[in-house]
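Overview (structure and organization)
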Amino acid sequence: MAILYALVARGSVVLAEFSSAATNASAVARQILERIPGAQDTHVSYSQDRYIFHVKRTDGLTVLCVADDTAGRRIPFAFLEDIHGRFVKTYGRACHTAPAYAMNDEFSRVLSQQMDYYSNDPNADRMNRIKGEMSQVRNVMIENIDKVLERGERLELLVDKTSNMQGNTIRFRKQARRFRNTTWWRNVKLTVALILLILIIIYVVLAFVCHGVTLPSCIR
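Residues numbered from 1 in each chain as written. Predicted model: local features only at pLDDT ≥ 70, side-chain atom pairs only at ≥ 80, totals over all residues. Heavy atoms only, no water.

Taking an unreviewed UniProt entry as the reference, the protein chain is identified by name as Vesicle-associated membrane protein belonging to Canna indica. What UniProt records for the protein chain under Function (unreviewed entry) is the sentence "Involved in the targeting and/or fusion of transport vesicles to their target membrane." In its Sequence similarities (unreviewed entry) section, UniProt records this for the protein chain: "Belongs to the synaptobrevin family." (UniProt positions renumbered as here; feature names shortened; annotations may be inferred.)

Written out as structure tokens, the structure reads:
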């Protein structure tokens, strides 16, 4: 499961974006931004082959991400909710007047960090299970992208599988490193416990010896 691309936009004006893979998701996302119907708040998802474009629009601000279809809905929309809150908290009313890419230098790093967290950290899903699935997400229907874009004008989403494999390799290395660290700490704890046990035994034996009592006589 992975979130491959994300953006924050006002209408069709992109304010910040980040892609974790070599893909044309940015071009496809712009087509979607221009065709999302109405100006009211909305939660919607559009599928294209194995990938789904998840969109959250609130108070004129649109947050969009692209995830593979194994991600389901809860994680992508939790990610969008998180990004929307962080963006509004950071920039406030400035996001309603800022020019294109005004926040990209700074906020693209936030997108990168949170994409990695929601894609790889099991705590991301655990926290959302504890909070409960957002009610609006339960009602999100995943429609085919042809519903919003004409078949003749839409772009096919292209994802560089080599780049995707590199991302999977990085995630595997992180998980392997985390496993090694966990194993190392477990071994350290066992070693310390064993040393403490040996010290206690030595202390008890010395205590008996110092009092002139041998262990066999104590046993008798």
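Here the narrative resumes, following the displayed structure.
So, the pattern of salt bridges
Tallying each qualifying case throughout the model produces three salt bridges. For Lys 56, the salt bridge is made with Glu 81, and the minimal N-O distance between the two is 3.2 Å. Note that Lys 56 is positioned in strand E4 (residues 51-58) and Glu 81 in helix H2 (residues 74-91), a separation of 25 residues in sequence. Residue class for Glu 81 comes out partly exposed when judged on its relative accessible area of 34%. (Salt bridge = Lys/Arg side-chain N within 4 Å of Asp/Glu carboxyl O. Helix = DSSP H or I, 4+ residues; strand = E, 2+ residues; numbered from the N terminus. Buried < 20%, exposed > 50% of the residue type's maximum accessible area, 1.4 Å probe, protein only.)

Remarks on the environment of Pro 99
Turning to its location among the elements, Pro 99 is positioned in the loop between H2 and helix H3 (104-120). Remark: the alpha-carbon pair of Pro 99 and Leu 15, spanning 84 residues in sequence, is separated by 7.1 Å. The contact partners of Pro 99, leaving out residues within four places of it in the chain, are Val 13 and Leu 15. (Contact = heavy atoms within 4.5 Å.)

Re the confidence of the model for the protein chain
Residues of the protein chain with pLDDT of at least 70 account for 70%, and the chain-wide mean is 78. Here residues 132-136 scores under 50 on pLDDT; set against residues more than four positions off or in separate chains, the count is nine contacts. (pLDDT = per-residue confidence, 0-100.)

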